[in-house]
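Read off the chains here:
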Amino acid sequence: MICYKCGQDAGWNDKCPVCGADLSLFKRAIRISNSYYNDGLQKAQVRNLSGAIISLRQSLKFYKYNIQARNLLGLIYYEMGEMVDALSEWVISANYQPDDNLAKKYIDQIHNNRNQLETINQTIKKYNQALTYCKQDSKDLAVIQLRKVLSLNPKLVKGHQLLALLYLEEGHLDKAKKALRDAGKIDTDNTTTLRYLKEVNRRLKEKGSERKKKNDDLISVFCSFGEDLISSVCYEYNETTALSKLRLRYSTWLALFRKTRTPLSPEKAKGLFGELYFLKNVMLKKYDIDKTINSWSGPDYLVKDFAIDDYWYEIKTISCNGTVVKISSLQQLSSDIEGKLVVIKVEEMADAYKGKDASINELIQYIISEIELNDTKAVSYTHLRAHETLSD
């Protein structure tokens, strides 16, 4: 033991044999330092590296000449990818005890390896650049830099943590969780890693609940699908006829689900508005809701927009100042069955306009409410729901 007052070797006496200084409290401080060192060593052995750092720092607060504690602290920094901090501790240790000190061996190994020194320099530069990108809100560039950092120094815990935080901010929860697991393999009980992981798991749980709700909605639609198939053949006793009707009904559903849900062009939106307007203000006043919906070609895009009983209607929607109606094919008007060409004029208004039948969604909501009120079959309901999604 070195006397704190004269700097001479005092052995383990309560008083310094050279200067006579009282060393009892000093000996107690060394014992406490050794106790913290042992605690840090135990934590390091189970890879609780951040916990070991706390214990070893406490050890050095009580006795800064605890060479074993300082060397172990350097090794832990090295294991966590903190090369500069590791070298700092070993340099201090070598200065305190120049002879018979493992710290000098650790320093020489790094200094004699030029590639490792270059790697340390590149790691520092790229990590600092990643931090700069984060401050500039350039998250994509920061992610690229951090990937380069971790390819050079895979054990850099704070690199994994920062990468996970960026993934978390961008909503890439699975990638964030993987980055945090990589950090956890190096340092098992790091509080920052555990805190981030808790937040990732919370968001994944919320996402899972949303997915479950969506699945429940899909189950409801599937049940409606099954019930509709059954209802289409439940009163049919001939097997061949029942199978034929079942195939036809199934094909109707298949055609509905095959539609690509892309936003409507302005021209198609205008056409859809005219058809819905006619459906609400003309067809529903002449026929019941189920018959009206099933008479409408809807998302099937047949030649005639409405075909019911022995009559048909072809709807054309033009601007209020338009004078020309475009017919895409002669089949739209030529037929052996009597029918009508209905021309509807519309005027585009500002979003603030709240007049009657002002939008596609308003018309759809009215028709859906009629469907639900009259308990219309599922095909009619989903038939219209397809248009509601397309018009958003």
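Residues numbered from 1 in each chain as written. Predicted model: local features only at pLDDT ≥ 70, side-chain atom pairs only at ≥ 80, totals over all residues. Heavy atoms only, no water.

## A closer look at the packing of aromatic side chains
Here a ring pair, both rings aromatic, is described through the centre-centre distance and the interplanar angle of the planes. Scanning the entire structure with this criterion turns up 11 aromatic pairs. Measuring from centroid to centroid gives 5.4 Å for Phe278 and Phe306, while their planes differ by 50 degrees, and the two rings are tilted. With Phe278 in helix H12 (residues 266–286) and Phe306 in strand S1 (residues 306–308), this pair connects stretches of sequence that are 28 residues apart. Taking relative accessible area as the criterion, Phe278 reaches 4% and is therefore assigned buried. Among the residues examined, Phe306 registers a relative accessible area of 0% and is labelled buried. Ring geometry for Phe278 against Tyr313: centres 5.1 Å apart, planes inclined by 55 degrees, an arrangement best described as tilted. With a gap of 35 residues between them, Phe278 in helix H12 and Tyr313 in strand S2 (residues 311–319) connect regions that are remote in the sequence. The buried category is assigned to Tyr313, whose relative accessible area is 6%. Put simply, the rings of Phe278, Trp296, Phe306, Tyr311 and Tyr313 pair up and form one aromatic cluster. (Phe/Tyr/Trp six-rings, centres within 6.5 Å; stacked < 30°, edge-to-face > 60°. Helix = DSSP H or I, 4+ residues; strand = E, 2+ residues; numbered from the N terminus. Buried < 20%, exposed > 50% of the residue type's maximum accessible area, 1.4 Å probe, protein only.)

## Looking at the environment of Lys198
Examined against the element boundaries, Lys198 turns out to sit in helix H10 (residues 191–233). Distance from Lys198 to Lys177, taken between C-alpha atoms, is 9.7 Å for residues 21 residues apart in sequence.

## A closer look at the pairing of S2
Working note: regular strand, side chains alternate between the two faces of the sheet. When you tally the buried positions in S2, you get eight out of nine residues, the bulk of the element. As judged from the three bridges shared by S1 and S2, these two strands associate in the antiparallel manner. Its bridge partner lying in S2, Ile308 is registered against Tyr311. Joining the antiparallel neighbours S1 and S2 is a turn of two residues, in which Asp309 adopts a positive phi near 55 degrees. Pairing between S2 and strand S3 (residues 339–346): eight bridges, direction parallel. Within S3, the residue paired with Ile315 across the bridge is Val342. (Pairing = 2+ DSSP bridges.)

## What about the packing of helix H1 (residues 24–45) against helix H3 (residues 67–79)?
Between two packed helices, both the angle of their axes relative to each other and the distance between the axes serve to describe the pair. The contact between H1 and H3 brings their axes to 10 Å, and the two run at 25 degrees. Between H1 and H3, the crossing angle belongs to the class labelled roughly parallel. With respect to the hand of their crossing, H1 and H3 are arranged in left-handed fashion. Packed against H1, whose contacting residues are Tyr37, Gly40, Leu41 and Ala44, the element H3 presents Gln68, Ala69, Leu72 and Ile76 at the interface. Residue composition of the contact of H1 with H3, grouped by class: six nonpolar, two polar and no charged. (Axes fitted to C-alpha atoms, helices over the stretch in contact; angles between N-to-C directions. Parallel < 35°, antiparallel > 145°, perpendicular 65-115°, else oblique. Left-handed = near helix turned anticlockwise from the far one by under 90°. Contact = heavy atoms within 4.5 Å. Nonpolar A, V, L, I, M, F, W, Y, C, P; charged D, E, K, R; others polar.)

## Focus: the side chain of Thr317
In this fold, Thr317 is placed in strand S2. Within the structure, the side chain of Thr317 is placed 3.5 Å from the backbone oxygen of Lys270, a separation counted as a polar contact. Setting aside chain neighbours within four positions, we find Thr317 in contact with Lys270, Gly271, Gly274, Ile344 and Val346. (Polar contact = N/O pair within 3.5 Å; in protein donor to acceptor, adjacent residues only side chain to side chain.)

## Description of the pattern of salt bridges
Overall, the coordinates contain 13 salt bridges when judged by the stated rule. The residue Glu79 makes a salt bridge to Arg47 at a minimum N-O spacing of 2.8 Å. Of this pair, Glu79 sits in helix H3 while Arg47 sits in the loop between H1 and helix H2 (49–62); the two residues are 32 residues apart in sequence, bridging distant segments of the chain. A relative accessible area of 22% means that Glu79 is categorised as partly exposed. One continuous salt-bridge network, built from bridges that share partners, spans Glu199, Arg202, Arg203 and Glu206. (Salt bridge = Lys/Arg side-chain N within 4 Å of Asp/Glu carboxyl O.)

## What about the sheet that holds S1?
If you walk across this open sheet you meet the three strands as S1-S2-S3, and the pairing is mixed. The open sheet has two edge strands, S1 and S3, and neither has a second partner. Sheet twist, expressed as the average angle between the axes of neighbouring strands with direction ignored, equals 20 degrees. In the packing of H12 onto the sheet, the strands contacted are S1, S2 and S3, and the crossing angle to S2 comes to about 135 degrees.

## Description of the environment of Ala44
Positionally, Ala44 belongs in helix H1. Looking at Ala44, the relative accessible area reads 19%, which means it is buried. When the C-alpha atoms of Ala44 and Thr188 are compared, they prove to be 10.0 Å apart, with 144 residues separating the residues in sequence. Among residues more than four places away in sequence, those in contact with Ala44 are Leu49, Ala52 and Ile76.

## With respect to H3
Structurally, the α-helix is built with 3.6 residues per turn, so residues lying three or four positions apart point the same way. Taking 1.5 Å per residue, 13 residues should reach 18 Å; H3 reaches 18 Å between its end C-alpha atoms and fits that length. Of all the residues in H3, the buried ones are Ile67, Ala69, Arg70, Asn71, Leu72, Leu73, Gly74, Ile76 and Tyr77. Residues of H3 that are buried make contact with H1, H2, helix H4 (83–96) and helix H5 (102–111). Immediately beyond the C-terminal end of H3, within one or two residues, lies Gly81, with a positive phi of roughly 85 degrees. (Expected span 1.5 Å × (residues − 1).)

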